Structure formats: C-alpha cells, structure tokens
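As a plain string of letters, each chain reads:
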Amino acid sequence: MRIRQATSADARAIADVHVRSWQAAYRGLVPQDYLDDLDPAERQSGWERRLAETAWPGRGVLVAETGGDVVGFAGLLPTRDEDEDPASVGEIATIYLIPETWGRGIGRALMNTVLATLAQAGYHQATAWVLDTNVRARRFYEAGGWHGDGATKRDTTRGFVLTELRYRRLLA
C-alpha cells in the first residue's frame, strides 16, 4: 500500500471510490434511491475542481493505493466552521475507502498520514463531521483518539436531512 498526494489524473478514481463507499457505508442511513442514483462520471468534474484548488500541505487530497489502484482518499483543508480559527484548525472533509478494503488498516494509515500532514501545515487541532447514525465511522474516529465536541449540524442540501456530529483531535 502507498499513500500519496492526489493529482488531477486521480479525479475519476476518487469519484469511483467516493460513490462505491457511499453506496455501502450509507445503505440504510440515507434514502436508497439517492444512493442508487450516484454516478462517478457526474462527480468527476467536482473532484477535478477540488484537486485544482490544492495548496499543499494546508489544502489537498491524499490517495491510498494498492497494486497501483486508488482504493481510498482523504481531503483536508482549513476548517470551514465559523466558530473555529482556520489558521489553527484543519478539517478532514472526506475520508473514504472502497468497501473491500475496510478493516485492513488502510483507513488508519490514511488517517495517520492526514493528521501528520495537517500538523506539518501548522494546524494545532483537526476536526471532522460524521453522520450521527454512522456507527462504523464514529467507532473508527473514536478508536483513533477523536472525541465528539458537542457541535452538530443539519445538512439538507441533498433533499433529505443528514445530522452530523463534529469530532475533534489535538495534533502532535
């Protein structure tokens, strides 16, 4: 396995991982018709745009590869939360793996690399928003030393309500 900074050439692979992960991780947590309609081709341009906005190491995307194939990714940036200081708090905006790799340590390795990158960028803390009903993701964060800080938000941008909890962790 190898973890590296993503390039624009990775946009399609990231879109594929993103859709496959959502379809598996959020089954039963979000409307099935929404999951069924997810299309990597429609997400590719968004990932191309995000990758073009890279300002390493404070903003960008890391990918995890096995056998030369992208099997996971994580996006990091300054916090988007109005109650936080973007100069000292970095945010993990996304972290997803294809379901076949879950439980193999790739997610933990990717998370550790993201945390090291955020610390290198000068952030003192990291935050991440996690779907409140996603028990698997919440356990993943908690096993990695993260804790809920009490902040919640409701996302209605997809036509249904998602309630998210903010997790936080100090950086070394």
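Scroll up a little and you will see the structure.
Draft legend 1. Local environment of unusual backbone geometry. The amide bond that connects Trp 56 to the next residue, Pro 57, takes the cis arrangement and shows omega of 5°. When you line up the elements, Pro 57 lands in the loop between helix H3 (40-52) and strand E2 (60-66).

Draft legend 2. How the structure looks around the sheet that holds strand E1 (residues 2-5). Spatially, seven strands are ordered E1-E2-E3-E4-E5-E7-E6 in an open sheet, and the strand pairing comes out mixed. Unpaired on one side and paired on the other, E1 and strand E6 (147-155) mark the two borders of the sheet. Neighbour-to-neighbour, the strand axes of this sheet turn through a mean angle of 25°, independent of strand direction. Relative to E2, E1 is paired through four bridges, and the arrangement is antiparallel. Considered in E2, the bridge of Arg 2 is made with Glu 65.

Draft legend 3. Up close: the nonpolar core. Grouped together as the largest cluster of nonpolar side chains are 47 residues, with contacts concentrated most on Ile 14, Trp 22, Phe 73, Ile 92, Leu 118, Tyr 141 and Trp 146. Setting aside its immediate chain neighbours within four residues, Leu 118 contacts Leu 76, Gly 90, Glu 91, Ile 92, Tyr 123, Ala 126 and Leu 171.

Draft legend 4. Broad picture of a negative patch on the surface. A cluster of acidic residues, Asp 33, Asp 36, Asp 37 and Glu 42, forms a negative patch on the protein surface. Looking at the secondary structure, you find Asp 33 in helix H2 (residues 32-37).

Draft legend 5. Main features of the side chain of Thr 127. Topologically, Thr 127 is positioned in strand E5 (residues 125-131). In contact with Thr 127, other than residues within four places in its own chain, are Thr 79, Asp 81, Val 89, Gly 90, Glu 91, Ile 92, Trp 146, Arg 166, Tyr 167 and Arg 168.

Draft legend 6. Fine view of H3. Under the 1.5 Å per step criterion, the end-to-end length of H3 is 18 Å for 13 residues, consistent within 8% with the ideal 18 Å. Here H3 has its buried residues at Pro 40, Gly 46, Trp 47 and Leu 51. Where H3 is buried, its residues touch helix H1 (11-25), E2, strand E3 (69-78) and strand E4 (89-97). Residue Asp 39 occupies the N-cap position of H3, its side-chain oxygen lying 3.0 Å from the main-chain nitrogen of Ala 41.

Draft legend 7. Highlighting the packing of aromatic side chains. Enumeration according to the criterion identifies eight aromatic pairs in this entry. When the centroid spacing of 5.8 Å and the interplanar angle of 45° are considered together, the rings of Phe 73 and Tyr 96 count as tilted. With Phe 73 in strand E3 and Tyr 96 in strand E4, the pair connects residues that are 23 residues apart, well separated along the chain. According to the relative accessible area criterion, Phe 73 is buried, its value standing at 0%. For Tyr 96, a relative accessible area of 13% gives the class buried. The interplanar angle of 40° and the centroid separation of 5.9 Å between the aromatic rings of Tyr 141 and Tyr 167 together place this pair among those described as tilted. With a gap of 26 residues between them, Tyr 141 in helix H5 (residues 135-143) and Tyr 167 in strand E7 (residues 162-170) connect regions that are remote in the sequence.

The rules we used
Residues numbered from 1 in each chain as written. Predicted model: local features only at pLDDT ≥ 70, side-chain atom pairs only at ≥ 80, totals over all residues. Heavy atoms only, no water. Helix = DSSP H or I, 4+ residues; strand = E, 2+ residues; numbered from the N terminus. Pairing = 2+ DSSP bridges. Axes fitted to C-alpha atoms, helices over the stretch in contact; angles between N-to-C directions. Core = buried A, V, L, I, M, F, W, Y, C linked by side-chain atoms within 4.5 Å. Buried < 20%, exposed > 50% of the residue type's maximum accessible area, 1.4 Å probe, protein only. Contact = heavy atoms within 4.5 Å. Patch = residues over 30% accessible without salt bridge, like charges linked within 9 Å, V, L, I, M, F, W, Y side chains within 5 Å. Areas by Shrake-Rupley, 256 points an atom, 1.4 Å probe, with all protein chains shown as cover. Salt bridge = Lys/Arg side-chain N within 4 Å of Asp/Glu carboxyl O. Lys, Arg positive; Asp, Glu negative; His and termini not counted. Charge placed at Lys NZ, Arg CZ, Asp CG, Glu CD. Expected span 1.5 Å × (residues − 1). Polar contact = N/O pair within 3.5 Å; in protein donor to acceptor, adjacent residues only side chain to side chain. Phe/Tyr/Trp six-rings, centres within 6.5 Å; stacked < 30°, edge-to-face > 60°.

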